[in-house]
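Summary of the model geometry
Listed below are the residues making up each chain.
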Amino acid sequence: MSHQCKALILQCIDFRFHSAIRDFLVSLGLKDQYDLASLAGAAKGLVDKNPASVELLLQQADISKRLHGITDVYIIHHMDCGAYGGHAAFVSVEEERTKQLGDMEAARQVFGETFPGLTIHKILARIEEKDGKNKIDFEMIQ
Ligand SMILES: [Zn+2]
């Protein structure tokens, strides 16, 4: 059995998103093809230069690359993230989105510089409550 997989996923710990993220990754053809790292705020600690988070995240990516030969990293941030103070921490949805996109881009640069050759993807998950249920969709960021 091959001990290789395609990608490392970096996602937030937030339980509301797990099954939706999994379904989305399956739709991208990544079923059973990814290692998974979950931290509150996903790449936030890396961007904030929290030393423990930086070491942990880069170590996970290094292990994933060496052991499983990953070629891609998917950074998945989400709106209403508690690590950022949720929606309430922002004046507007636009401001929140801009912050999330900026942090994902900063993280993409760190991963890209540390692991040249890996393709880094950025995905923003949006959440909307509808009829008492959470509706989640995903935006691939260029
Ligand atoms: Zn979160």
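Keep in mind that this is a model prediction, so the values were computed, not measured.

This part takes up the overall build of the chain. A tally of regular secondary structure across the chain gives 4 helices and 5 strands. Along the chain, helices and strands appear, N-terminal first, in the series β-α-β-α-α-β-α-β-β. In summary, the chain has a C-alpha radius of gyration of 15 Å against a globular reference of 14 Å for 142 residues, a match within 12%. Overall, the C-alpha framework of the chain stretches about 45 × 30 × 25 Å when taken along its three principal axes.

The strand order across the open sheet built from 5 strands is 2-1-3-4-5, with neighbouring strands paired in mixed fashion. Whereas interior strands pair on both sides, the edge strands pair on one side only; in this sheet they are strand 2 (34–38) and strand 5 (133–141). Pairwise comparison of adjacent strand axes, ignoring direction, gives a mean angle of 25° for this sheet. Relative to strand 5, strand 4 (residues 119–130) is paired through 9 bridges, and the arrangement is antiparallel. Looking at strand 5, one finds that I123 is bridged to M140. Sitting on the sheet, helix 1 (residues 18–27) touches strand 1 (7–11), strand 2, strand 3 (72–78), strand 4 and strand 5, and the angle it makes with strand 5 is about 45°.

The next subject is the coordination of the zinc ion. Six octahedral donors around a metal ideally sit at 90 or 180 degrees from one another, while four tetrahedral donors ideally sit at 109.5 degrees. Every protein donor of the zinc ion is listed here as C12 (SG), H78 (NE2) and C81 (SG), and their distances to the metal cover 2.1 to 2.3 Å. For the zinc ion, all donor residues lie on one chain, and their spacing in sequence is C-x65-H-x2-C. Comparing H78 with C81, the two get one shared label, buried.

Now for unusual backbone geometry. Among all residues except glycine, the phi angle is most often negative; among peptide bonds, the trans geometry is most common. Unlike most non-glycine residues, D32 shows phi in positive territory, near 55°. If you trace the backbone, D32 turns up in the loop between helix 1 and strand 2. Take D32: its relative accessible area is 61%, and that puts it in the exposed class. Despite not being glycine, A42 shows a phi value in the positive range, around 55°. Within the secondary structure, A42 sits in the loop between strand 2 and helix 2 (44–47). Judged by its relative accessible area of 1%, A42 is buried.

Turning next to the pattern of salt bridges. Enumeration over the complete set of coordinates arrives at 12 salt bridges. A salt bridge links D72 to K6, with the nearest nitrogen and oxygen atoms 3.0 Å apart. Here the residue D72 occupies a position in strand 3, and K6 occupies one in the segment before strand 1, the gap between them amounting to 66 residues. Judged by its relative accessible area of 37%, K6 falls in the partly exposed class. For D62, the salt bridge goes to R66, with nearest N and O atoms at 3.0 Å.

What follows covers the packing of aromatic side chains. Under the defined criterion, the tally for this structure stands at 1 aromatic pair. On the numbers, 4.4 Å between centres and 15° between planes, the contact of F24 with F138 is stacked. Taken together, the residues span a long stretch of sequence, with F24 in helix 1 and F138 in strand 5 at a distance of 114 residues. Accessibility assignment for this pair places F24 and F138 in one class, buried. If you follow K44 out to its NZ or CZ, it ends over the ring of Y84, 5.3 Å from the centre.

Definitions and limits used
Residues numbered from 1 in each chain as written. Predicted model: local features only at pLDDT ≥ 70, side-chain atom pairs only at ≥ 80, totals over all residues. Heavy atoms only, no water. Helix = DSSP H or I, 4+ residues; strand = E, 2+ residues; numbered from the N terminus. Rg over C-alpha atoms; globule rule 2.2 N^0.38 Å. Pairing = 2+ DSSP bridges. Axes fitted to C-alpha atoms, helices over the stretch in contact; angles between N-to-C directions. Contact = heavy atoms within 4.5 Å. Donors = N, O, S within 2.8 Å, 3.2 Å for Na, K, Ca; no water. Buried < 20%, exposed > 50% of the residue type's maximum accessible area, 1.4 Å probe, protein only. Salt bridge = Lys/Arg side-chain N within 4 Å of Asp/Glu carboxyl O. Phe/Tyr/Trp six-rings, centres within 6.5 Å; stacked < 30°, edge-to-face > 60°. Lys NZ or Arg CZ within 6 Å of the ring centre and 35° of its normal.

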